Amino acid sequence: MTDYWESTEPGDGRREPRAQRRSDARTQSLNGIWRFRLSPTGAGTGDAFLGEEFDDTGWDEMPVPSHWVLEPFTPLAGGAARSMRGTPEGPLYTNTSYPIPLDPPNVGPDNPTGDYRLVFDGPEGWDAAVLRFQGVDSCAKVWLNGTELGWSMGSRLPFEFDAPLRPGPNVLCVRVHRWSAGTYLEDQDMWWLPGIFRDVELLERPADGIEDFFVHADFDAATGIGTLRVDAWGTDGAICARVEVPELGVHAESGETVTMLVEAWSAESPRLYTGVLRTPGEAVELRIGFRRVEVRDGVLLANGAPLVFRGVNRHEHHPDTGRTLDRDTMRQDVMLMKQANIDAVRTSHYPPHPEFLRLCDEYGLWVVEECDLETHGFIFAGWEGNPPAEPAWRPALLDRLHRTVERDKNHPSVVIWSMANESGIGETFGTMRGYLAERDPARPVLYERDPSYRDSDFFSLMYPSLDELDAIGRREEPRPDGVTGAEDERRRGLPFLLVEYAHAMGNGPGSLQDYWRIMTAHDRICGGFVWEWIDHGFSAVDEDGHAYVMHGDDVIGYEPRGGRFSLHGLVFSDRTPTPGLVELARAYAPLEITIEVDARGRATATVRNTRHDADTSDVVFSWTAESDGVTMGSGSLAVPILDAGAAAVVELPLPAPLHEAVVTVEAALAADAAWAPAGHVIAWGQGLSEGEPPSRSETALPPVSGGVRAAGLVSVGSARFDGATGRLVQLGGIELDGPWLDLHRAPTENDHGQGSLNDIASVWAATGMDRMLQRVDDVSHGDGWLRTRGRTAPSTHPHAVEWTMTWRAEGQGVLLDVDADFVGPWRDTPYQHRDIWVPRLGLLFALPGGMDQVRWYGRGPGETYVDSCEGSRTGRFASSIDALQTPYPVPQENGNHVQTRWLEIEGAGAMRVTGRPEFDFTLRRWTSVDLERASRPAQLVDSGTVWLNVDHRQQGIGSASVGPALPERYRVPRERTRWSVHLA
Ligand code: GAL
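Small disclaimer: the values here were computed from a predicted structure and weren't measured.

### A short note on helix H5 (residues 466-473)
And step 1. For H5, every residue scored as buried is listed here: Leu 466, Leu 469, Ala 471, Ile 472 and Gly 473.
And step 2. Tucked into the core, H5 has its buried residues touching strand E32 (459-462), strand E33 (496-503), helix H7 (512-521) and strand E34 (525-531).
And step 3. Taken from the residues just after H5, Arg 475 is the one with a positive phi, measuring 60 degrees.

Written out as C-alpha cells, the structure reads:
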C-alpha cells in the first residue's frame, strides 16, 4: 500500500476550503513551544506518541511556527542541541533541481520526519471547533486525542479539520514529512524548509455561523457606481445573512445586489469600506474595496484606466526564520515597497501569509497571486510525466488552486490569479482555467509558460531584452515555435505582462529605467515585476566570530546545490535596501519631472502625473539651484493639482544669472501617509544649465621622443615622478604610486552570467585580465612635462593596450593626458575565440592608507554605473572611504560613481582629482583582485593602502545572471581612446 505522503492525492479528512476572515467567533492560538522529535524515515517515531500517557518530556522543544531545520535542537544521535544550518540535514537550496530522485510520486525511504506534540487545554463554551493549519511544509498527518483527523499536502496553503475537542487537556499530534508527492509540485527556486511554519489555531464554529462568503464589489468608472453582492454559505449551502455597510447606508441580505455611489479602491487610493456580515451565530468583518479589473481591446484596465504594474516579485523570507514571518516583517515589506514607488506584487511563487494580503488591501498594492505550484524540475526528464499533463495529479493541482482562491477571494488587492510558475504544459491548466472562469470571472488569469497562452488572459515572458520588449510593445514579436495560427492570433490580441525582469542578483540590475520607458511607451504592456524583492540568505557566524550571510554554497557536502543564486533581491536578506532599489524607486516614480534651463538661465519644470488614478493633492513641490554643489537658491514651487495623466509646465524662480547650475525639483508628501512620513520624496527631476566647457591647457604637446630620460626623481609642478618608471610618487605633500592602466574589475554576478553561454568573467579569467603587466617602454621629460609610453598586457596572450601618458604642470597640480589603444586580437584564443570586452578603461593609483574621507561632485550618494545612475542625483557628496563600499554578501565590484566632476580625498594629506570633463571612481582599502578572490566580506582586510580607480569609463552592470547580455551602449568601446584628468 502506498504511504499517504507518496500519494498523488492532495489530502484526506479536510474541510472544504473557505475564505480567511476576521469574525467575532472566538479563536485560540496554538502557536508556542511544542514537543518535537526528528526521525530519518517517513515512519517517524511510530504510534506511541499518539497515546495520552506518552511521556514527551525527553523530546526537544520546537517553536511553532518555525522550520525545524533553522532551529537548534538535539540531533538523533544525542548530544547538545544544535542547529543544522550548513549541513545536508539543514536548509537546502536548489533552483530547478529536485533534491530527491525524479521518480514521481515516490520520495524514497530517506525522508526526515518531524513528530510534533502539544498538550493544551480546550476552550470552554464553544459549540464546535475547527483546527486550522496555515502552512505546513511539505505534508502533515494530524491526530487529536489519539484519533486521526486526516492529512494534507500543499505547503503554503491552509487546511482545516473539524476538531472534536474535550474540556481540559487535549493532545494534538502532527507528523510532518520533509519530502512528499507534494514536493514534485513545489519546485520553486528557494530553500527547502520543512516544518509547521505558519500559525496553528483553533476557530470556534458557532451554530448558525458563516461557513464561507464571497464579496463581489464592482465599480463602474463611467458612473462612479459601485455594485455590491455578498454571497454567504453555511455548512449546508447558501444561507441568508445580513450585510451592513453603515458608511454606504447598505442594509441588505446576502445574495442581494445593491448599488450606490462609491469611491473606488486602487493601489494609490486604497479606499476600504468596513461592514459586517451577520447571522444569528456570527458576525464577520467585511473590508470592501470596489474596483473593476478587465482586459478590453488588448489592454488591462483597472476602473476604466490602463493599469501598468510597477511591480516586484516577492518571496517570503527572513534571515533567521525563513518563511515564517511575523506581522511586523510583512508590514516592513509593504512600507519599503510603497516608499520605493512599487505598487504591485506578484506573490512568487505561492500564496503568502494571509496577513500580507490584508496589508496590501489596507496600504494599497495590486497583487498577482500565484498558486503554490511549480514543476520546473521535470525539465530533467524532458517534461516526461509532468504533473499538469498527468490526469492522476489533477485533483492535487485543483486542490491547490481551490485553496488559493477560496482563502483569498475577498481581497480587493488581488487582481489576477496566476495558476503556477514554470510548470510546463498540460491539460490540467485548462481545467484550472475552467474552474476560475466559473468561480471568479471578475479576475483575469495568468499562466506564463505555455507558449500557446490558451489558458491565459495575458501574453507573458521572463527576461526579454530591451529590443524584444519593444517589439512586443509594438505587437511585432515573432511567432513562438509550436503554436497554431489561431493560437498565435489570439495571443497577439492579449495584453503583455512582464512576469519577471531585471535580475537583481548581486550588484544590479541595470537598465531599470530603460525597461520602464519601454513599458510605458506601449499600451499593450501592463507593466512588469522585477526579479526579486529579497535575497534569501541566512544570518550566520564563521569560526572567527564574523557574521556572514549563508547561501546555497554554504551547505557543505550537499549536491545539487543552487549556490549563490538564492541572493537576487532588491533588499538584502536583512531588508537593507540595495542600490538597485534606489534606482527602481526613480524608474517607478509616480510623477515625471523634467527640467529645462535655457541659455539665459530661465528654467521650466514639466510635471506629469503618471499615477494610475490619484491626483497630486497629496504632494508639495520645491526647487533648488546649485552651482558646483553649493546652493544658490531654493524655495517651494506652486504646481497646480494634476489629475492622473495630466501635466503642467511651471517656471522656476531662479536667481539670475546662474552659471552651470544644477536645478532640482522635488515632489514630497505634504502630510503623513500611512506608509511614509510627510516630506518623503516620491519623485524628482534635475536639469543642468549649460556652462562653459572646462578649459583645456593650450600648451603644445612635446614631441614623442624628445626630452631626457632620468634615473632619479623628476619634478613637474607640484608632482614628482620616478624618472625610470615614469610613475607618480609624490603629489604636493602626499606620497603615492601609479598610475597603472587598469582594465580589470572584480566580476559581478551579472559578469558571471549563466554559465558558459555568457560568462564574460570566465573570459577575463582565461585571458589574465586580473594579472595585467605594465611595461614601460619610454620615459622622457622636459621643462614642466613628463611623458611615459608603455604597454599593458597579460602574460601568454598577444593582445595589449599601448598607451602614452603625458603630464604637464597646470595650476596647483598636474594635468594628465592619456592616449590608449587596443592592439592584438582581443579574443580568448586558442579556446573559443570569444570576444574580450574590457570592464573598465582607467587608471589605478595607490594612496596612503591614512586616507579616510572623500567629497565629490557627481552622481550620488550611493553607487552608480552607466546603466544604473538615473536614481542618483548630481550634487556634492561626502563619505568615508569605508562607507563607499556596498556590502554585497558575496564580494564583487561595487561602490562606483559615474559622472564625477571632481573628487577630494583627505586623511594622510589631501588631493583633488578633477575630470576633463568627467570620470568614474572607486576607492577601497583592498585591490579589485582581493575583491574578486574574497568569498565573504570578512575576507576583505585593509591592505594598508587606499586604491583609487579613476576611470575613463567602466562598463554597466546589466542583468546577465538571468537575462540578456549587457547592451552594447553600456560597454567600454575597445578603440583608441584619449582622456584627461587633473590631479592636485
Ligand atoms: C525564473 C523563476 C524564478 C527565479 C528566476 C531566476 O525562471 O521563475 O523563480 O528562479 O528565474 O532567479
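### What about a nonpolar patch on the surface?
And step 1. A cluster of nonpolar side chains, contributed by Leu 102, Ile 379, Phe 380 and Trp 383, occupies part of the molecular surface with about 370 Å² of accessible area.
And step 2. Its location among the elements puts Ile 379 in the loop between strand E29 (366-370) and helix H3 (394-408).

### What to know about the pattern of salt bridges
And step 1. For the structure shown, the criterion picks out 85 salt bridges.
And step 2. Between Asp 399 and Arg 14 there is a salt bridge whose closest N-O contact spans 2.8 Å. Placement of the pair is Asp 399 in helix H3 and Arg 14 in the loop between strand E1 (11-12) and strand E2 (27-29), with a sequence separation of 385 residues.
And step 3. Here Arg 561 makes a salt bridge to Asp 553, at a shortest N to O gap of 3.1 Å.
And step 4. Using a relative accessible area of 34% as the deciding quantity, one classes Arg 561 as partly exposed.
And step 5. Connected via shared salt-bridge partners are Arg 15, Arg 18, Arg 132, Glu 160, Asp 162, Glu 201 and Glu 211.

### Digging into the confidence of the model for the protein
And step 1. In the predicted model, the protein carries a mean pLDDT of 95, and the fraction of residues at 70 or more is 97%.
And step 2. Looking over the protein, one finds the lowest element-wise mean pLDDT in helix H10 (residues 760-766), namely 92, and the highest in E29, namely 99.

### Let's talk about the sheet that holds strand E19 (residues 242-245)
And step 1. The strand order across the open sheet formed by four strands is E20-E19-E22-E23, and the pairing between neighbours is antiparallel. The strands lining the two open edges of the sheet, one partner per strand, are strand E20 (250-253) and strand E23 (283-288). On average, adjacent strands in this sheet sit at an angle of 20 degrees to one another, irrespective of strand direction.
And step 2. Alignment of E19 against E20, held across four bridges, turns out to be antiparallel. Paired with Arg 242 across the strands is Glu 253, a residue of E20.

### So, unusual backbone geometry
And step 1. Here the bond from Asp 137 into Ser 138 is cis, since omega is 0 degrees, no more than 30 degrees from zero.
And step 2. Take Ser 138: it is sitting in the loop between strand E8 (136-137) and strand E9 (139-144).
And step 3. Following Gly 508, the chain continues to Pro 509 via a peptide bond in cis, the omega torsion being 0 degrees.
And step 4. Positioned with a positive phi, Ala 502 is a non-glycine residue whose angle comes to about 55 degrees.
And step 5. Mapped onto the elements of the fold, Ala 502 is located in strand E33.

### Digging into the site of the ligand
And step 1. In the vicinity of the ligand lie 13 residues, with Asp 189, His 349, Glu 422, Glu 500 and His 503 positioned nearest.
And step 2. Take Glu 500: an N or O atom from its side chain is 2.7 Å from an oxygen atom of the ligand.
And step 3. A distance of 3.3 Å is found between an oxygen atom of the ligand and a side-chain nitrogen or oxygen belonging to His 568.
And step 4. In the complex, the protein chains occlude 94% of the 310 Å² of accessible area that the ligand would expose alone.
And step 5. Of the residues contributing to the shell around the ligand, the split by class is five nonpolar, five polar and three charged.

### Some remarks on the domain arrangement of the protein
And step 1. Parsing the protein into structural domains produces domain 1 (4-204), domain 2 (212-294), domain 3 (300-585), domain 4 (590-689) and domain 5 (711-850 + 876-896 + 914-972).
And step 2. Listed by partner, the interface residues are 11 residues for domain 3 and nine residues for domain 4.
And step 3. In total, about 850 Å² of surface goes out of reach between domain 3 and domain 4, with carbon and sulfur atoms giving 54% of it.
And step 4. Three residues stand out in domain 3 for area buried against domain 4, namely Arg 310, Gln 339 and Asn 341, and they jointly supply 50% of the buried area on that side.
And step 5. Taken together, the connections running from domain 3 to domain 4 amount to zero salt bridges.
And step 6. Here domain 3 and domain 4 share six residue pairs in polar contact (both at pLDDT 80 or more) between them.
And step 7. Within the residue set of the side of domain 3 that touches domain 4, elements represented by two or more residues are strand E26 (305-306) and helix H1 (327-339).
And step 8. For the side of domain 3 that touches domain 4, the class distribution of residues is seven nonpolar, two polar and two charged.

What counts and how
Residues numbered from 1 in each chain as written. Predicted model: local features only at pLDDT ≥ 70, side-chain atom pairs only at ≥ 80, totals over all residues. Heavy atoms only, no water. Buried < 20%, exposed > 50% of the residue type's maximum accessible area, 1.4 Å probe, protein only. Helix = DSSP H or I, 4+ residues; strand = E, 2+ residues; numbered from the N terminus. Contact = heavy atoms within 4.5 Å. Patch = residues over 30% accessible without salt bridge, like charges linked within 9 Å, V, L, I, M, F, W, Y side chains within 5 Å. Areas by Shrake-Rupley, 256 points an atom, 1.4 Å probe, with all protein chains shown as cover. Salt bridge = Lys/Arg side-chain N within 4 Å of Asp/Glu carboxyl O. pLDDT = per-residue confidence, 0-100. Pairing = 2+ DSSP bridges. Axes fitted to C-alpha atoms, helices over the stretch in contact; angles between N-to-C directions. Near = heavy atom within 4 Å. Polar contact = N/O pair within 3.5 Å; in protein donor to acceptor, adjacent residues only side chain to side chain. Nonpolar A, V, L, I, M, F, W, Y, C, P; charged D, E, K, R; others polar. Domains from an automatic or database assignment. Buried area = accessible area lost by both parts, 1.4 Å probe.

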